[in-house]
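Summary of the model geometry
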Amino acid sequence: EPEVTQTPSHQVTQMGQEVILRCVPISNHLYFYWYRQILGQKVEFLVSFYNNEISEKSEIFDDRFSVERPDGSNFTLKIRSTKLEDSAMYFCASSEWDLSKYNEQFFGPGTRLTVL
Amino acid sequence: RKEVEQDPGPFNVPEGATVAFNCTYSNSASQSFFWYRQDCRKEPKLLMSVYSSGNEDGRFTAQLNRASQYISLLIRDSKLSDSATYLCVVKEGLGAGNNRKLIWGLGTSLAVNP
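Let me begin by describing the structure that accompanies this report. Residue numbers restart at each chain and count upward from 1, following the sequence in its written direction. Chain labels run from A onward and ligand labels from 1 onward, assigned in the order the entries are written. In keeping with the model being predicted, local features are shown solely for residues with a pLDDT of at least 70 and side-chain atom pairs are shown and tallied solely at 80 or more, while totals for entire chains, interfaces and linings include all residues. Based on all heavy atoms of the structure, the side-chain values leave hydrogens and waters out of the count.

Moving on: the sheet that holds strand E3 (residues 19-24) of chain A. Strand pairing in a sheet relies on backbone hydrogen bonds, with the paired strands running either antiparallel or parallel. All names here are of chain A. The pairing criterion for strands is at least two bridges between them, as found by DSSP. Strands are runs of DSSP state E lasting at least two residues, helices are runs of H or I lasting at least four, and both sets are numbered from the N terminus onward. Pairing within the open sheet is antiparallel, and its four strands lie in the order E1-E3-E8-E7. With one partner strand each, in any of the chains shown, strand E1 (5-7) and strand E7 (65-68) form the two edges of the open sheet. On average, each strand axis in the sheet is inclined to that of its neighbour by 20 degrees, with strand direction left out of account. As defined by bridge partners, E7 adjoins strand E8 (residues 75-79) across four bridges and the pair is classed as antiparallel. Residue Glu68 lies in a different strand from E8, and its bridge partner there is Thr76. Here an axis means a line fitted to C-alpha atoms, over the contact stretch when the element is a helix, while the angle between two N-to-C directions is reported on a 0 to 180 degree scale.

On to the packing of aromatic side chains. Between the rings of Phe, Tyr and Trp (Trp by its six-membered ring), a pair exists once the centres lie within 6.5 Å; its type follows the angle of the planes, with under 30 degrees stacked, over 60 edge-to-face, and the other angles tilted. Throughout the structure, instances matching the rule amount to 17 aromatic pairs over all chains. Between Phe107 of chain A and Tyr36 of chain B the ring centres are 5.9 Å apart and the planes differ by 85 degrees, which places this aromatic pair in the edge-to-face class. Here Tyr36 of chain B lies in strand E4 (residues 30-38) and Phe107 of chain A lies in strand E10 (residues 106-107), a pairing that spans two chains. Of the two residues examined, Phe107 of chain A and Tyr36 of chain B, each falls in the buried class. Taken together through their ring pairs, the aromatic side chains of Tyr33, Tyr35, Phe45, Phe91 and Phe107 of chain A together with Phe34, Tyr36 and Trp104 of chain B make up a single cluster. Note on exposure labels: buried denotes an accessible area under 20% of the residue type's maximum, exposed denotes more than 50%, and partly exposed covers the range between, all computed with a 1.4 Å probe on protein chains only.

Below, the discussion takes up the sheet that holds strand E8 (residues 70-75) of chain B. Residues and elements named next belong to chain B. What the five strands build is an open sheet, ordered E1-E3-E8-E7-E6; its pairing is antiparallel. The open sheet is flanked by strand E1 (4-6) and strand E6 (55-57), the only strands paired with a single partner. Direction aside, neighbouring strands of the sheet carry axes that sit 20 degrees apart on average. Where E1 lies against strand E3 (residues 19-25), three bridges are found, and the strand directions are antiparallel. Across the sheet, Glu5 pairs through a bridge with Thr24, a residue of E3.

We now examine the pattern of salt bridges. Whenever a carboxyl oxygen of Asp or Glu lies within 4 Å of a side-chain nitrogen of Lys or Arg, that contact is scored as a salt bridge. Scanning all chains against the criterion turns up eight salt bridges over all chains. A salt bridge links Asp82 of chain B to Arg59 of chain B; the nearest nitrogen and oxygen atoms lie 2.8 Å apart. One end of the pair, Asp82 of chain B, is in the loop between E8 and strand E9 (84-92); the other, Arg59 of chain B, is in the loop between E6 and strand E7 (60-65), with 23 residues separating them in the sequence. Connected through shared salt-bridge partners, Asp62, Arg64 and Asp86 of chain A make up one network.

The structure is reproduced here in structure tokens:
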């Protein structure tokens, strides 16, 4: 069964450094998302991406954050000047073209980011 | 008011019990509704969508009350493997609904005991 993959599974960085979180969405999917979940808190939407541009972003997704689809398979989230409060599990998700409002978003296993 | 609100639990039930989870959402324009399951330190996985007329999938039944902005999930004959956190999720907007963000509740923790 196709699945979303994410690397690394755990990333530790020093405050102020830049990190890149990588995702490989399901191959025929067209919509891509990043969510995050701080330990013990709810899942929060960061950004959605379609046709090589951002469709929507939340207030969390400030100018330190960026996303890119550098080739036909990878989807990356870059965080510059990391802060302690960026520490969270970051989930990538993807969905296919489907006009149903119940179109499912498939989630990767997540990258745990720890900022020291 | 929180966008999606759930009783965090935990719910501790014996095997075979029936358990019900409730959820309320604040945006009356919300269009689609889901229950996700999340095991500890894992990614959320779709359990079921919630349709206007209510729907059932084996031991799981979901109901939607648009007038009250209320969603429920009923689990019958609970199994040890049902132990997880159940997340109520709402998607707003129509049209190319694919691209709409999911708005999440905090989740309700369920522990099924032998």
